[in-house]
Amino acid sequence: MPSEHAMPRSLSSSMLTWLRAFEAVARHGNFTRAADELHITQGATSQQIQRLEQALGFRLIERGTRPLGLTGEGERLASVVEASFAQIRHALADIAAPGGATPITLSCSPSFAMQWLTPRLSGLRRGRPRVDIRVFGEFHRLDMAGMASEQLQAAIRYDPGDYENLTARGFLDEYLIPVASPAFMDAHPDIGAKGLLAGEWLLHDARPWVGASELQEWQSWLDETGLRCADLIAGKRFNLAMLAVGAAVAGEGIAMGRTAMVMEELQRGTLVAPFPFAVRSPASYHFITTPAHTVQVDLICDWLQREGEAFAAMRTEVLHASGIALIPGAKY
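Nothing here was measured: the structure is a model prediction, and the numbers come from that model.

**Topic: helix α11 (residues 241-249)**
Here is step 1: Buried within α11 are the following residues: A241, A244, V245, A247 and A248. Each buried residue of α11 lies within a common arc of 155 degrees when the element is viewed along its axis, so the set occupies one face.
Here is step 2: Against the buried residues of α11 lie α5 (110-117), β7 (175-179), β8 (202-205), β9 (236-238), β10 (254-258) and α12 (259-268).
Here is step 3: Where α11 terminates, the next one or two residues include G251, which has phi positive at roughly 85 degrees.

**Describing the environment of A310**
Here is step 1: As for its position among the elements, A310 is in helix α13 (residues 295-321).
Here is step 2: We classify A310 as partly exposed; its relative accessible area is 47%.
Here is step 3: Taking C-alpha positions, A310 is 9.7 Å from L172, a pair spaced 138 residues apart along the chain.

**Quick word on the side chain of T225**
Here is step 1: Note on placement: T225 falls in helix α10 (residues 216-225).
Here is step 2: Once residues lying within four places of it in the same chain are set aside, the contact partners of T225 are F277, V279 and I327.

**Looking at the packing of α12 against α13**
Here is step 1: Where α12 contacts α13, the axes come no closer than 11 Å and their chain directions differ by 45 degrees. Taken as axis vectors, α12 and α13 run oblique relative to one another. Where α12 crosses over α13, the handedness of that crossing is left-handed. Contacts between α12 and α13 involve T259, A260, M263 and Q267 from the first element and F311, M314, R315, V318 and L319 from the second.

**Considerations on the nonpolar core**
Here is step 1: Core analysis: the largest hydrophobic core is formed by 65 residues, its most contacted members being F112, W116, L117, I156, F171, F287 and L304.
Here is step 2: With eight residues, the single largest contributor to this core is α13.
Here is step 3: Core analysis: the second largest hydrophobic core is formed by 20 residues, M15, A24, V25 and L60 among them.

**Quick look at the pattern of salt bridges**
Oppositely charged side chains can pair when the atoms bearing their charge come close.
Here is step 1: Tallying each qualifying case throughout the model produces 13 salt bridges.
Here is step 2: Between R258 and D205 there is a salt bridge whose closest N-O contact spans 2.5 Å. Taken together, the residues span a long stretch of sequence, with R258 in strand β10 and D205 in strand β8 at a distance of 53 residues.
Here is step 3: According to the relative accessible area criterion, D205 is buried, its value standing at 10%.
Here is step 4: Of the charged contacts in the structure, one is a salt bridge between E217 and R258, with a shortest N-O distance of 2.8 Å. Of the two residues, E217 is situated in helix α10 and R258 in strand β10; the sequence distance between them amounts to 41 residues. Each of the two residues, E217 as well as R258, counts as buried.
Here is step 5: When salt bridges that share partners are traced, they join D173, E174, R280 and R315 into one network.

Calculation rules
- Residues numbered from 1 in each chain as written.
- Predicted model: local features only at pLDDT ≥ 70, side-chain atom pairs only at ≥ 80, totals over all residues.
- Heavy atoms only, no water.
- Buried < 20%, exposed > 50% of the residue type's maximum accessible area, 1.4 Å probe, protein only.
- Helix = DSSP H or I, 4+ residues; strand = E, 2+ residues; numbered from the N terminus.
- Arc of directions from axis to C-beta.
- Contact = heavy atoms within 4.5 Å.
- Axes fitted to C-alpha atoms, helices over the stretch in contact; angles between N-to-C directions.
- Parallel < 35°, antiparallel > 145°, perpendicular 65-115°, else oblique.
- Left-handed = near helix turned anticlockwise from the far one by under 90°.
- Core = buried A, V, L, I, M, F, W, Y, C linked by side-chain atoms within 4.5 Å.
- Salt bridge = Lys/Arg side-chain N within 4 Å of Asp/Glu carboxyl O.

Here is the structure:
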């Protein structure tokens, strides 16, 4: 596209207006929704994008495509302006918040939130009174546009940690260990002695992380221990890890436990390990943010790193004392 103007050297009020319109269109992938957010007409939104393209000298949006697409230049600019406007919004929230305490919305899987995160939050709040954290139980896939539209400042996810245009910092690795109730073990005394594992006894988390199969964790554990299950696909399915663990506590079978979820139950004796092996999972717990984030978000990340290190040290001590070997896993 030929340019009618020299490349702008400063951000004029007009340029900022056009960039704001482009950010909304890129984030929504739709002129109509962007116009609704900006409280202007669709035609005015399209005109602002055209003026921005004229000022820059290249196209940003591939017109006539469904859904709306960005050019290569548009993709590069979108990632920058989305992060920049997000940083401005966070800074304004910091300044406007009473006493400097900015509410931080944290997305986290319900199972991890209930079993590991929530019992530790009082320590975060005691030591960091300026951090106001609000936890939302959810586990959908994250991207920059989604976090911006949902006004999520941060998230915790259990997965391999491959995120484009987001910052994913691992704060706790995970080990997989089958668990069952003492009553279930009493009813099936040959399990530990002979390595017997029947598929009908298994309790599956049907979606351990986005993109994983419902058998991923069990298969990873079996591959590393050399044990076999004749009918791995059998057993009961649950859509949350804590439901599968709850079924194990109730004596319904053997769940594949994540140590962050079952350590307390193992220490209390309400769950036991039928096999003396804990295998490192292909997934870890990651703290996920957009590139632009607040000081409060960094405080939460630092706190999670320390809590993760403390838990990992305690886990090693408890499992070793119980005669359970920690196996690194194929990925590591």
